[in-house]
Amino acid sequence: MTPQDETPITVRRATAEDRRAALELISPSTSRGRASLKLLRAEQGILWVAVEREEGNETLVGLLLATAQVDAEAEEVAGYIHELLVHPAFRRRGVAMELLDAAERYFLDECAFSTVLVTTSFDNDAAIRLYRSRGYSLSQARLAKRRNDAEGRSSAI
Ligand SMILES: CC(C)(COP(=O)(O)OP(=O)(O)OC[C@H]1O[C@@H](n2cnc3c(N)ncnc32)[C@H](O)[C@@H]1OP(=O)(O)O)[C@@H](O)C(=O)NCCC(=O)NCCS
């Protein structure tokens, strides 16, 4: 499929219906996904969605879920991105960039916060490249050491 054949994708603040559809896109197989699902089910968080419109039908193809949080280190309120997710079939089309544009516009321009924060793992190459390309820099490292048998114990509970 060439870029000319691709149907247009629109990014907007989520409606109540979008929030329900978002529950289907987020996978509960990761702790990040489970936390995001809890936020959405509690009707919390600010959600932006990317939708593809084709012949009058809309399909949810991406989302960004964020909240305002106190950044303890900087002692100020910051935008915090909990989830940025694009359906695999719609990746590398600039959808994440558009979702980030919308969230950054809201937090940095509308709310006048000075910072947007996000946490991702070092091995998430796509996310690291994406955020770095937009000027995000590493501000702190969170290190963890797990007890050798910790995984086995937690799955046995
Ligand atoms: C990370 C993710 C959100 C990117 O979404 P996307 O819509 O494909 O990203 P974009 O098309 O806007 O990419 C913008 C830039 O990010 C970087 N990037 C995105 N995906 C990449 C990949 N797989 N490998 C390397 N760089 C990548 C590139 O610099 C890209 O620009 P380019 O396409 O001109 O090279 C998507 O891969 C995803 O949903 N991953 C699973 C969830 C996740 O890891 N979320 C981030 C943690 S919060």
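In this report, we go over the structure that sits alongside the text. Everything numeric in this text was worked out from a predicted model, so none of it was measured.

Quick look at the site of the ligand
Neighbouring residues of the ligand: 18 residues in total, closest Leu84, Val86, Arg92, Gly94 and Asn124. Residue Arg93 places a main-chain N or O atom 3.2 Å away from an oxygen atom belonging to the ligand. Ala96 places a polar main-chain atom, nitrogen or oxygen, 3.0 Å from an oxygen atom of the ligand. Protein chains bury 74% of the 910 Å² of accessible surface belonging to the ligand in isolation. The set of elements that each furnish at least two residues to the shell around the ligand consists of strand 4 (76-86), helix 3 (95-110) and helix 4 (125-133). No other element matches the five residues that helix 4 contributes to the shell around the ligand. Tallied by class, the residues present in the shell around the ligand amount to ten nonpolar, three polar and five charged.

Concerning the pairing of strand 3 (residues 57-71)
With nine bridges joining them, strand 2 (residues 46-54) and strand 3 adopt antiparallel strand pairing. Within strand 3, the residue paired with Arg53 across the bridge is Glu58. The turn joining strand 2 and strand 3, which pair antiparallel and follow one another in sequence, is formed by two residues; a positive phi near 45° is taken by Glu55. One ladder, built from ten bridges, connects strand 3 with strand 4; its direction is antiparallel. Bridge pairing in strand 4 links Leu64 to Leu84. In this antiparallel pair of consecutive strands, strand 3 and strand 4, the connection spans four residues, and Glu75 shows a positive phi of 55°.

Observations concerning the nonpolar core
For soluble globular proteins, the rule of thumb is that nonpolar side chains tend to be buried together. Among the nonpolar cores identified, the biggest contains 24 residues, and Trp48, Leu64, Ile81, Leu99, Leu100 and Phe107 are the most heavily contacted of them. Of all the secondary structure elements, the ones that give two or more residues to this core are strand 2, strand 3, strand 4, helix 3 and helix 4. Dropping the residues within four chain positions of it, Leu100 is found in contact with Leu64, Ile81, Leu84, Leu130, Tyr131, Arg134 and Tyr136. Core analysis: the next-biggest nonpolar cluster, separate from the first, contains 13 residues, Leu40, Leu47, Val51 and Leu63 among them.

Remarks on the environment of Glu24
With respect to the element layout, Glu24 can be found in helix 1 (residues 16-25). In this structure Glu24 comes out as exposed when scored by relative accessible area, which is 70%. Distance from Glu24 to Arg91, taken between C-alpha atoms, is 18 Å for residues 67 residues apart in sequence.

Some details on the pattern of salt bridges
According to the stated counting rule, one finds seven salt bridges in the structure shown. For Arg12, the salt bridge goes to Asp18, with nearest N and O atoms at 2.9 Å. A salt bridge links Arg129 to Asp125, with the shortest nitrogen-to-oxygen separation between them at 3.1 Å. Pair noted here: Arg129 and Asp125 are both in helix 4, with a separation of four residues, about one helical turn. By relative accessible area, which is 45% here, Asp125 ends up partly exposed. Several salt bridges converge on common partners, so that one network encompasses Arg12, Asp18, Arg53 and Glu58.

Concerning the side chain of Glu104
By the element assignment, Glu104 lies in helix 3. With near-sequence residues (within four places) excluded, Glu104 lies in contact with Asp109, Val116, Arg134 and Tyr136.

The rules behind the values
- Residues numbered from 1 in each chain as written.
- Predicted model: local features only at pLDDT ≥ 70, side-chain atom pairs only at ≥ 80, totals over all residues.
- Heavy atoms only, no water.
- Near = heavy atom within 4 Å.
- Polar contact = N/O pair within 3.5 Å; in protein donor to acceptor, adjacent residues only side chain to side chain.
- Areas by Shrake-Rupley, 256 points an atom, 1.4 Å probe, with all protein chains shown as cover.
- Helix = DSSP H or I, 4+ residues; strand = E, 2+ residues; numbered from the N terminus.
- Nonpolar A, V, L, I, M, F, W, Y, C, P; charged D, E, K, R; others polar.
- Pairing = 2+ DSSP bridges.
- Core = buried A, V, L, I, M, F, W, Y, C linked by side-chain atoms within 4.5 Å.
- Buried < 20%, exposed > 50% of the residue type's maximum accessible area, 1.4 Å probe, protein only.
- Contact = heavy atoms within 4.5 Å.
- Salt bridge = Lys/Arg side-chain N within 4 Å of Asp/Glu carboxyl O.

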